[in-house]
Protein chains: 4
Amino acid sequence: MQDLRYFRNAYLEIGNFILNALNVIRIEDVAAFVDLLVNTYRSEKKVLVVGAGRSGLVGRAFAMRLMHLGFRSYVLGETITPSVGENDVVVAISGSGTTTMVVAAAEAAKKMKAKVVAITSYRDSPLASYADIVVQVPGRTKVAKMDDYFARQILGLHEPLAPLGTLFEDTAMVMLDAVIAELMYRLGKTEEDVKSRHANIEVL
Amino acid sequence: MQDLRYFRNAYLEIGNFILNALNVIRIEDVAAFVDLLVNTYRSEKKVLVVGAGRSGLVGRAFAMRLMHLGFRSYVLGETITPSVGENDVVVAISGSGTTTMVVAAAEAAKKMKAKVVAITSYRDSPLASYADIVVQVPGRTKVAKMDDYFARQILGLHEPLAPLGTLFEDTAMVMLDAVIAELMYRLGKTEEDVKSRHANIEVL
Amino acid sequence: MQDLRYFRNAYLEIGNFILNALNVIRIEDVAAFVDLLVNTYRSEKKVLVVGAGRSGLVGRAFAMRLMHLGFRSYVLGETITPSVGENDVVVAISGSGTTTMVVAAAEAAKKMKAKVVAITSYRDSPLASYADIVVQVPGRTKVAKMDDYFARQILGLHEPLAPLGTLFEDTAMVMLDAVIAELMYRLGKTEEDVKSRHANIEVL
Amino acid sequence: MQDLRYFRNAYLEIGNFILNALNVIRIEDVAAFVDLLVNTYRSEKKVLVVGAGRSGLVGRAFAMRLMHLGFRSYVLGETITPSVGENDVVVAISGSGTTTMVVAAAEAAKKMKAKVVAITSYRDSPLASYADIVVQVPGRTKVAKMDDYFARQILGLHEPLAPLGTLFEDTAMVMLDAVIAELMYRLGKTEEDVKSRHANIEVL
């Protein structure tokens, strides 16, 4: 039988990358993000999630859980996407921070006086430049490799097996699910609350 | 400043769950899945990915990478979804293995003589009953908690912080990304190949 | 230069079919549908639109306009799809009235005590059997040709050029846009209201 | 019982607008569009359809039928969207011809040496400036009212009941379905061919 060495190594690489990333995600950025979301919930403002490709899918998974918690959350590009205005929140996700359409959406959101949160690997990216809050999530990205020292020593990354944005996307998925756990605590939500808002006519 | 204890704990819970899950995912199931995909690629047959809710989003992320590798991959429920027939592959994702529409799609696929792969936590679920290959991925699910011993001793799961299918979904995401790494090796694909098929007009 | 005879004939066939269909759409069914929607708007209940394939796209176009009017409208199968309950409205669209997933969604909606509106060509279809209101819209469909007399004499349909559900889908699109006009009048909405709720960060 | 005067008038307005539009759609533009699609089919090049909001939904309905005819068609913004290159075709739909993301996509497509077809009401719009072929479809649009004489005398439009882009969208839907009829003739496709490629696992 095959040993599936690449499967195992990639699995371990991604799993360990995710765990180690917790050491480099700045907790004060996450705290600011959580506070903003709590205020947005209480003021019944909207949250619009924006991302392209696989980052967009991670964003949708987050938007779905926000809806389960009772947020007025939406996904840019789907049928039901309302206008955004002052104090609505736009969560824009791009590993490189350069994805044209995501940067354009963040810029437009800023003009509407919405709050912009950037989930990106690059604090100095175009996306981050429009953001009120930047939550930096490590990952190799399309535009550039992570700084070597950072990648090899701190994250223990050698011979990358996960192509393009994979590490960023999988880490962002876990990070955002952990934000959901903190929000549940802060808003006093139980799993039953989540279940009650879960679609009861479930299709694809 | 807040300590964001729930954020940290949930992050560690999910990250450790993912890593530990590698010990319980049966490598022979993954090998059969990889072999089927390699044959599907070589015979230019289609791969149709099916899943509801967040499992569906994980499936889309997988389908996108398959496309980047040159597969004829599709997502059930999107605009461009072709008919499936003999020896096409349907990858159906459902933690509980009971999601009505996913089970119905697997049953329909079986009738069309497509090969069905179930990604699920339950080997004895309705979904698994239609599958040629079952890749069992642990996770708490909507229908039932994992067996206590398994959950607490092997996976180290206490006081779950990740609601509903979160652990299944995040673990399935990493498992499927590791399958992509193995496929890249088996099919001799480089990251450049992936990049060349990546959408060059990227929007949401 | 080519005469594009098939283009012209198909265009005229579809255009005339749409206009003639107004003579066979029962105005009392439309009135009941409009009344239900007005009540749904006033009681701030949800409207969930359901349809597969091209009928689903027509449904999305309708759901988008409902949102522009201030309705809490949603589309089954998109990321943000909430649970439905008593007195929410499910608008299910299927020319044949037999599309498995649409019928299943209507049946599920009925169990949740939602009101079901069927947009279909067949008053005796499985879909219609779950409906509180049936708005019958003519069209050739996948499962059966329209009754010959009806098709040829009343609708003037010969040598059909529009494949499968085309006539149903295009007629349903216009019918639902006319429902929007009536709703604007009944709810006192202006085009400015529509524009103000139109997405201001528009992407695909 | 209510007379549903607004429903009836809007229905007639849209239906008559669609029929009258055939007099102003330039048949040589449609012929060039059909020729391009026939060549694209024969050379097995890709067709990527682009549109925002309701125009995007009309585009998806067209892309779905192209797939039914055996085209390699895709929709920008969905999961499976490949890269485009030389001699692939991008069909970009925008009534006003100014929708930012659609114009950006057309510009990007042009750089990749793809052929760009603009479906728009404005021959002098930014979108049209990137197009190899412009198929002008009348309609009131968000940015400007149609020229009065054109609107009132030729199209017979008074007191518009269809908000924003409705007339453009519904007319484009019928126009594109008539293009499908012409393509079926040119490519020798029957309704059976369409049916055989229609999704056989149909969900939303």
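Rules behind the numbers
Residues numbered from 1 in each chain as written. Chains lettered and ligands numbered in written order. Predicted model: local features only at pLDDT ≥ 70, side-chain atom pairs only at ≥ 80, totals over all residues. Heavy atoms only, no water. Helix = DSSP H or I, 4+ residues; strand = E, 2+ residues; numbered from the N terminus. Expected span 1.5 Å × (residues − 1). Buried < 20%, exposed > 50% of the residue type's maximum accessible area, 1.4 Å probe, protein only. Pairing = 2+ DSSP bridges. Axes fitted to C-alpha atoms, helices over the stretch in contact; angles between N-to-C directions. Contact = heavy atoms within 4.5 Å. Buried area = accessible area lost by both parts, 1.4 Å probe. Salt bridge = Lys/Arg side-chain N within 4 Å of Asp/Glu carboxyl O. Polar contact = N/O pair within 3.5 Å; in protein donor to acceptor, adjacent residues only side chain to side chain. Nonpolar A, V, L, I, M, F, W, Y, C, P; charged D, E, K, R; others polar. 1 Å grid on protein atoms, 1.4 Å probe; cavity = no way out; pocket = protein on both sides within 12 Å on 5 of 7 lines; lining within 4 Å. Points joined across faces, edges and corners; volume = space filled by probe spheres on them.

(A) Structural view of helix α4 (residues 100-111) of chain D. All names here are of chain D. End to end, α4 covers 17 Å across twelve residues, agreeing with the expected 16 Å (1.5 Å per residue, within 8%). Taken as a whole, α4 has its buried residues at Met101, Val102, Val103, Ala105, Ala106, Ala108 and Ala109. Taken from the residues just after α4, lysine 113 is the one with a positive phi, measuring 70°.

(B) Seen up close, the sheet that holds strand β5 (residues 133-136) of chain B. All names here are of chain B. Read from one edge of the open sheet, five strands run β2-β1-β3-β4-β5, paired in parallel fashion. Unpaired on one side and paired on the other, β2 (72-75) and β5 mark the two borders of the sheet. Strand-to-strand twist of the sheet, defined as the mean angle between neighbouring strand axes without regard to direction, takes the value 20°. Relative to strand β3 (residues 89-93), strand β1 (residues 46-51) runs parallel, the two being bridged by five bridges. For valine 49, the partnering residue across the bridge sits in β3 and is valine 91. Together, β1, β3, β4 (115-120) and β5 form the strand contacts of helix α2 (residues 27-42), whose direction differs from that of β5 by roughly 130°. Helix α7 (residues 166-187) contacts β3, β4 and β5 of the sheet and is inclined by roughly 130° relative to β4.

(C) Local environment of the interface of chain D and chain B. On the side of chain B, 29 residues touch chain D, which itself brings 29 residues to the contact. Of the roughly 2,400 Å² buried where chain D meets chain B, counting both sides, 67% is carbon and sulfur surface. Area buried by chain D at its contact with chain B is led by D:Thr79, D:Ile80 and D:Ile201, which between them contribute 29% of it. Put simply, chain D and chain B have zero salt bridges between them. On inspection of chain D and its partner chain B, the count reaches six residue pairs in polar contact (both at pLDDT 80 or more). Sorting the residues of the side of chain D that touches chain B by element identifies α3 (53-68), β2 (72-75), α4 and α8 (191-197) of chain D as the ones contributing at least two each. Residue classes in the side of chain D that touches chain B are distributed as 18 nonpolar, eight polar and three charged.

(D) Quick look at the layout of surface pockets. Approximately 760 Å³ is the volume attributed to the largest pocket. In this structure, the largest pocket is lined by 27 residues; those nearest its centre are A:Arg72, A:Tyr74, C:Phe71, C:Arg72 and C:Tyr74. At the level of elements, β2 (72-75) of chain A together with α2 (27-42) and β2 (72-75) of chain C are the ones that each hand at least two residues to the lining of the largest pocket. Considered class by class, the residues forming the lining of the largest pocket number twelve nonpolar, seven polar and eight charged. If you add up the space inside the second largest pocket, you get close to 520 Å³. Lining of the second largest pocket is provided by 22 residues; of these, B:Phe71, B:Arg72, B:Tyr74, D:Arg72 and D:Tyr74 occupy positions nearest its centre. For the lining of the second largest pocket, the secondary structure elements donating two or more residues are β2 of chain B together with β2 of chain D. When its residues are assigned to classes, the lining of the second largest pocket shows ten nonpolar, six polar and six charged.

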